[in-house]
Number of protein chains: 2
Amino acid sequence: MICELYYWPGIQGRGEFVRLALEDAGAEYVDIALVPEAEGGGVPALERFLEGENVERPPFAPPFLRAGRQLIGQTANILLFLGGRLRLAPRDAASKLWTHQLQLTISDFIIEIHDTHHPLGGDLYYEEQKPAAKRRTKEFLANRLQKVLGYFERVVQRNPAGGPGIVGTRITYVDLSMAQVIAGLRYAFPLFSRKLLRACPRLRALHDEVFARSRIKRYVASGRRVALNNDDIFRRYPELDE
Amino acid sequence: MICELYYWPGIQGRGEFVRLALEDAGAEYVDIALVPEAEGGGVPALERFLEGENVERPPFAPPFLRAGRQLIGQTANILLFLGGRLRLAPRDAASKLWTHQLQLTISDFIIEIHDTHHPLGGDLYYEEQKPAAKRRTKEFLANRLQKVLGYFERVVQRNPAGGPGIVGTRITYVDLSMAQVIAGLRYAFPLFSRKLLRACPRLRALHDEVFARSRIKRYVASGRRVALNNDDIFRRYPELDE
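As the structure is a prediction and not an experimental result, all values here were calculated from the model.

Colleague: When you look at the interface of chain A and chain B in this model, what are you seeing that I'm missing?
Modeller: How big an interface is tends to be reported as the loss of accessible area on association of its parts. Each partner contributes residues to the interface: chain A has 47 residues there, and chain B has 47 residues. Carbon and sulfur atoms make up 56% of the area that chain A and chain B hide from each other, which totals about 4,400 Å². For the chain A face of the interface with chain B, the top three residues by lost area are R57, F60 and R158 of chain A, together amounting to 18%. Counting across the chain A and chain B interface gives two salt bridges. Run the count over chain A and chain B and you get 19 residue pairs in polar contact (both at pLDDT 80 or more).

Colleague: How do you make sense of the pairing of strand β4 (residues 70–73) of chain A when you look at a structure like this?
Modeller: Remember that side chains alternate between the two faces of the sheet whenever the strand is regular. Sheet topology places strand β3 (residues 64–67) of chain A next to β4 of chain A; four bridges connect them, and they run antiparallel. If you follow L65 of chain A over to β4 of chain A, its bridge partner there is I72 of chain A.

Colleague: Help me understand the packing of helix α4 (residues 93–117) of chain A against helix α4 (residues 93–117) of chain B, please; the structure alone is not making it clear to me.
Modeller: Helix-helix packing is described using two parameters, namely the angle between the two axes and the distance between the axes. Contact geometry of α4 of chain A with α4 of chain B gives a least axis separation of 12 Å together with a crossing angle of 35°. In this structure, α4 of chain A meets α4 of chain B at a crossing whose hand is right-handed. Residues H100, L104, D108, I111 and D115 of chain A of α4 of chain A form the contact with α4 of chain B, whose own contacting residues are H100, L104, D108, I111 and D115 of chain B. Tallied by class, the residues present in the contact of α4 of chain A with α4 of chain B amount to four nonpolar, two polar and four charged.

Colleague: Sorry if this is basic, but what is going on with the packing of aromatic side chains here?
Modeller: For any pair of aromatic rings, geometry is given as the distance between the ring centres together with the angle between the planes. Overall, the coordinates contain 16 aromatic pairs over all chains when judged by the stated rule. Measuring from ring centre to ring centre gives 5.1 Å for F60 of chain A and Y151 of chain B, while their planes differ by 75°; the resulting arrangement is edge-to-face. Here F60 of chain A, found in the loop between α2 (42–51) and β3, pairs with Y151 of chain B, found in helix α5 (residues 130–158), and the two come from separate chains. For the residue pair F60 of chain A and Y151 of chain B, the accessibility class agrees, reading buried in each case. A network of ring pairs unites the aromatic residues Y6, F49 and F64 of chain A as a single cluster. Lying across the ring of F60 of chain B, K147 of chain A places its NZ or CZ 5.3 Å from the centre. Across the ring face of F81 of chain B, the terminal group of R85 of chain B is positioned such that the distance to the ring centre comes to 3.7 Å.

Colleague: Just checking my understanding: could you explain the relation of the copies chain A and chain B for this structure?
Modeller: Mapping one chain copy onto the other needs a rotation about an axis and a shift along that axis. Superposing chain A onto chain B requires a rotation of 180° together with a translation of 0.0 Å along the rotation axis, leaving an RMSD of 0.0 Å. Interpreted geometrically, this transformation is the action of a two-fold axis. Looking at the rotation axis and the C-alpha trace of chain A, the residue lying nearest is P119 of chain A, at 2.7 Å. Most of the interface of chain A is mirrored in chain B: 100% of its interface residues are interface residues there too.

Colleague: I would appreciate a short explanation of the pattern of salt bridges in the present structure.
Modeller: A side chain of one charge can pair with a side chain of the opposite charge if their charged atoms are brought near each other. Residue and element names in this part refer to chain A. Within the structure shown, the criterion is met by 22 salt bridges over all chains. For R224, the salt bridge goes to E23, with nearest N and O atoms at 2.5 Å. Of the two residues, R224 is situated in the segment after α9 (214–221) and E23 in helix α1 (residues 15–24); the sequence distance between them amounts to 201 residues. Assessed through its relative accessible area of 36%, R224 is described here as partly exposed. Among the charged side chains, a salt-bridge network with shared partners connects E16, R19, D31 and R225.

Colleague: In this structure, what is going on with the sheet that holds strand β3 (residues 64–67) of chain B? I would like to understand it.
Modeller: Backbone hydrogen bonds are what pair the strands of a sheet, in a parallel or an antiparallel way. All names here are of chain B. The sheet built from four strands is open, its strands ordered β2-β1-β3-β4 with mixed pairing. Only two strands of the sheet have a single partner each, and these edge strands are β2 (29–31) and β4 (70–73). Averaged over all neighbouring strand pairs, the angle between strand axes comes to 20°, with direction disregarded. Inspection of the sheet shows strand β1 (residues 3–6) paired to β3 by three bridges, in the antiparallel sense. Across the sheet, the residue bridging to E4 is R66, located in β3. Running over the sheet, helix α2 (residues 42–51) touches β1, β3 and β4 and is turned about 85° from β3. Along the sheet face, helix α3 (residues 75–85) touches β3 and β4 and points at about 130° away from the line of β4.

Colleague: What should I look at first to understand the sheet that holds β3 of chain A in this one?
Modeller: Residue and element names in this part refer to chain A. Taken together, four strands build an open sheet; the order of strands is β2-β1-β3-β4 and the sheet is mixed. The open sheet has two free edges, formed respectively by β2 (29–31) and β4, since each of these has just one partner strand. Within this sheet the neighbouring strands show an average axis-to-axis angle of 20°, counted without direction. Strands in contact with α2 are β1 (3–6), β3 and β4; relative to β3, the strand with the most contacts, it is inclined by about 85°. Its contacts with the sheet place helix α3 (residues 75–85) against β3 and β4, and it is angled at close to 130° to β4.

Colleague: Whenever I open this one, the environment of M1 of chain B confuses me. Can you help?
Modeller: Residues and elements named next belong to chain B. Examined against the element boundaries, M1 turns out to sit in the segment before β1. Expressed as a C-alpha distance, the spacing of M1 and Y29, which sit 28 residues apart in the sequence, is 8.9 Å. The residues contacting M1, other than those within four sequence positions of it, are A67 and G68.

Colleague: Can you walk me through the packing of α4 of chain A against helix α5 (residues 130–158) of chain A in this structure?
Modeller: All names here are of chain A. Contact geometry for α4 and α5: axes closest at 9 Å, N-to-C directions at 160°. It follows from the interaxial angle that α4 and α5 lie roughly antiparallel. In this structure, the crossing between α4 and α5 has a hand that is left-handed. Contacts from W98, L102, T105, I106, F109, E112, I113, D115, T116 and H117 of α4 reach α5 at A133, R136, T137, F140, R144, L145, V148, Y151, F152 and V155. Classifying every residue of the contact of α4 with α5 gives twelve nonpolar, four polar and four charged.

Colleague: What should I look at first to understand the pairing of β1 of chain B in this one?
Modeller: All names here are of chain B. Here β1 pairs with β2 via three bridges, running parallel. Paired with L5 across the two strands is D31, which belongs to β2. After leaving β1, the chain enters helix α1 (residues 15–24) and then returns to the sheet as β2, a path that is right-handed.

The rules behind these values
- Residues numbered from 1 in each chain as written.
- Chains lettered and ligands numbered in written order.
- Predicted model: local features only at pLDDT ≥ 70, side-chain atom pairs only at ≥ 80, totals over all residues.
- Heavy atoms only, no water.
- Contact = heavy atoms within 4.5 Å.
- Buried area = accessible area lost by both parts, 1.4 Å probe.
- Salt bridge = Lys/Arg side-chain N within 4 Å of Asp/Glu carboxyl O.
- Polar contact = N/O pair within 3.5 Å; in protein donor to acceptor, adjacent residues only side chain to side chain.
- Pairing = 2+ DSSP bridges.
- Helix = DSSP H or I, 4+ residues; strand = E, 2+ residues; numbered from the N terminus.
- Axes fitted to C-alpha atoms, helices over the stretch in contact; angles between N-to-C directions.
- Left-handed = near helix turned anticlockwise from the far one by under 90°.
- Nonpolar A, V, L, I, M, F, W, Y, C, P; charged D, E, K, R; others polar.
- Phe/Tyr/Trp six-rings, centres within 6.5 Å; stacked < 30°, edge-to-face > 60°.
- Buried < 20%, exposed > 50% of the residue type's maximum accessible area, 1.4 Å probe, protein only.
- Lys NZ or Arg CZ within 6 Å of the ring centre and 35° of its normal.
- Least-squares fit on C-alpha atoms with pLDDT ≥ 70 in both.
- Parallel < 35°, antiparallel > 145°, perpendicular 65-115°, else oblique.
- Right-handed = clockwise from strand over helix to strand, strands pointing away.

In C-alpha cells:
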C-alpha cells in the first residue's frame, strides 16, 4: 500500500515529522505537497479533504495521511499508526504507549515554539504582535525551553537500554522528531539553543545520530526537504533570540 | 486492577477528562488529589513521580495514571489506554484511531482555550498579561472558537451511525471530553458560547446527553467534582467575554 501524505507546500511544518519517519523507513509514499496542482496535488488536494462535504471523517488540519481507505490526521496519531508498520516503534504495548506519550509531549512543545512568534493568534501576522512575541519568547527561553530539553535529556539518560535513542535499543519515530526539533531550535534560536543544549549531551548526540542515518542523509541531500524559513513553525527573528 | 489518577488538587483541569471516563464506566480508582497528604496523597505524591530520580518513565506533567506497573501520561494517551478497557471506545482499529484523533484535536483546543488568559506564558499571572489576554481572546472568540465548534458539529452530523455521540452508536470518551469542553466554555465565555452554540444543535444535545447519564449525574452530585474556578483552564473573566 502506497500512502499519500497531505501537507501544505513550502514549509516543513508538522508534515516533516511524518516525512522523516517515512523517509527513514524507506517507505514509498506520495508527498502531495510536491505534486503540481495540475496533476492533482498541492493545496486544492488538501482542501478536497478538509472542506469536502462527503468526507465522513475529515481531519481538522494537515498533516493527514491517506492509507487505503483510512484518512488519518494529527501528527502524533499518524506516527502511532505508522510506527509499527515502519518498524520505528517498540513492539510491546507499554513501550508503544510510552513512545506515543513522548511524541505528544513533543506536540505540545511544538505549539509552544510556534506561539513564541504568534502569542496573540495564528490569524494575525507576526508584525502585528511583535511586542507580545518578544515578551512570550523571553519567558519561553528563560523557563520553558530549558524545562522541556532537560526533561528529554533525563528520559534518554534513564533509558535502561542505553540508547542511542529515547526508548529501547533502536531508533524510533520519537527520536526522529526530537532531532527535528533540535534542528529547528538551532535555526530559530541559535544563541539560546546553543547555550541550553550544552547541558544536554545526549540530545546533541541523538540529533547527530539521526541526521547521520543513511536514508535521512539521502533525503536531506535530495532537494525534497524544504529549507527552514520564516513561514514555518521554527522562525529566525534575531530580535527574539536575545 | 485499581488505577490511581494523579492530578493537581483544587482544579478540574486536564485530570477531569480522565475522571469523567473513569466515572462514566463505574471504574474503581483512587483519585490522589482527594487523598490527604498525611495519607500519601496530594501534591507530594505527584512530585514523587515527576521529580523522583528513579522513575524510569517519568511523565512530563499531570495528569498521569498508575495502572499496575505502568505509568501513563498525557491526557489523550491515558484515554487511549483506558478506552477499550472501560468500553468507552469503538472496537475496530480504524475507529479507535479516529476517536483518538478527535481527542487530540480537543487537546489542541484546550491549549488554545487556556492561552486566552495566558498568551504570554503559564509562568506569569493573568494580571501581568491582561492587555495581551484581551487581544488573544478577541481573536479566539472571533475566529477559532467558531471554527473548532463548527468542525465538531460537522463531525457529529456526518457520523453515519447517527449518534448520539461523535463516533459510532455508543458514547465514547471523546463525547465525555467534548461535553466537558462545552461546560467549560459556558462557564468561561457565557455570552459568546451561547451565541456560537446556537449554530451547533448536535453539540448542545451531546452535552445534555452526557450530563444526563446516570453515573455522570451521580458523580456531579457527589461533591467530588471540583467546581470550575479561576485557577483552572476555563476561567471567567468578564472583561474577556465581550
